[in-house]
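Spelled out, the chains give:
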Amino acid sequence: MTRTSLTREEILAAAASLVRQHGPAALTMRKLAAELGTAVTSIYWHVGNRESLLDALVERTVEELGEIRPRGRTPAARVLSVARALRRELRARPHLIAMVHERGLTDRMFLPAQQALVHEVHAAGLRGARAAQAVRAIQFQVVGYVLIERNRERAPLQRPAEEELWDPTTAEQDPALARALAGTVDQDRLFTDSVRALVAGLLPEAPGRSLRGEDRAGSRGPQRG
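Residues numbered from 1 in each chain as written. Predicted model: local features only at pLDDT ≥ 70, side-chain atom pairs only at ≥ 80, totals over all residues. Heavy atoms only, no water.

1. Section: the overall build of the protein chain
Line of reasoning, step 1. Counting its regular elements, the protein chain contains twelve helices and zero strands.
Line of reasoning, step 2. For the protein chain, the α and β elements follow one another from N to C terminus as α-α-α-α-α-α-α-α-α-α-α-α.
Line of reasoning, step 3. Every one of the 225 residues in the protein chain was classed for burial, and the buried ones make up 39%.
Line of reasoning, step 4. Considering only residue pairs separated by 6 or more positions, the protein chain has 71% of its internal contacts joining residues 24 or more positions apart. (Helix = DSSP H or I, 4+ residues; strand = E, 2+ residues; numbered from the N terminus. Buried < 20%, exposed > 50% of the residue type's maximum accessible area, 1.4 Å probe, protein only. Contact = heavy atoms within 4.5 Å.)

Have a look at this one:
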């Protein structure tokens, strides 16, 4: 049975879901209409043609990335929370992020996250060029990490694999290092450790506090960032 009532937001949500699962090429007006149980003409009525729909999806993605909010009790912990949230959001919608990039809106998409970082590096005492350098370093770390994650996930099966490449000989007679490099990567932990180290080197540390200690304290309650 064809639906008679439909909202623009419902259409965009369904379109975003199709793109997230199968990529932009899978988004056709007929497939979207079938997904929603409505007529193609109803889709056109609410969002226009396919290009208009893609533009609306891009704008929606930009708005969603703007909803990242810092969490934590110190500037350093809040910066780490922004980095975690940004990575999570980028990984959740790679195809939509690619569409934003193709339409030349990447800088606009990252602006809210950058502004959140600016606020925190200011709170930590950085100003001017040093503050700008800190914001860019953190952003590039997050984006670069996500790109590497995506490339590793999409890479063909490697022969020889890491576990076959590392032994005490190739690891300069460090068996523990060889075992660690041959093991499975804990991506979440590696990301957190790398950003934590970067932030610790960029921001002045408050007396008697460490980012690691603050991060543990902040993780006791629910955190969105």
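2. A closer look at the environment of leucine 198
Line of reasoning, step 1. In this fold, leucine 198 is placed in helix α11 (residues 187-202).
Line of reasoning, step 2. Along the sequence, leucine 198 and alanine 137 sit 61 residues apart, while their C-alpha atoms lie 8.1 Å from each other.
Line of reasoning, step 3. Every residue in contact with leucine 198, bar those within four places of it in the chain, is listed here: Ala137, Ile138 and Gln141.

3. Notes on the side chain of serine 42
Line of reasoning, step 1. In this structure, serine 42 sits in helix α3 (residues 40-47).
Line of reasoning, step 2. Those residues in contact with serine 42 that sit more than four places away from it in its chain are Leu6 and Ile11.

4. Regarding a nonpolar patch on the surface
Line of reasoning, step 1. A contiguous nonpolar surface patch, about 310 Å² in accessible area, is contributed by Leu165, Trp166, Leu177 and Leu181.
Line of reasoning, step 2. Among the secondary structure elements, leucine 181 is positioned in helix α10 (residues 175-182). (Patch = residues over 30% accessible without salt bridge, like charges linked within 9 Å, V, L, I, M, F, W, Y side chains within 5 Å. Areas by Shrake-Rupley, 256 points an atom, 1.4 Å probe, with all protein chains shown as cover. Salt bridge = Lys/Arg side-chain N within 4 Å of Asp/Glu carboxyl O.)

5. Concerning the pattern of salt bridges
Line of reasoning, step 1. Per the counting criterion, the structure on display carries 15 salt bridges.
Line of reasoning, step 2. For glutamate 9, the salt bridge is made with arginine 60, and the minimal N-O distance between the two is 2.8 Å. Linking glutamate 9 in helix α1 (residues 8-22) with arginine 60 in helix α4 (residues 50-65), this pair joins segments that are 51 residues apart in sequence.
Line of reasoning, step 3. The closest approach of N and O atoms between glutamate 89 and arginine 93, which form a salt bridge, is 2.4 Å.

6. Points about the nonpolar core
Line of reasoning, step 1. Grouped together as the largest cluster of nonpolar side chains are 56 residues, with contacts concentrated most on Leu27, Leu32, Ile43, Leu53, Leu57 and Leu203.
Line of reasoning, step 2. Tallying contributions element by element places helix α5 (residues 75-92) first for this core, with eight residues.
Line of reasoning, step 3. Contact partners of isoleucine 43, with chain neighbours within four places excluded, come to Leu6, Ile11, Met29, Leu32, Ala33, Leu36, Thr38 and Gly48. (Core = buried A, V, L, I, M, F, W, Y, C linked by side-chain atoms within 4.5 Å.)

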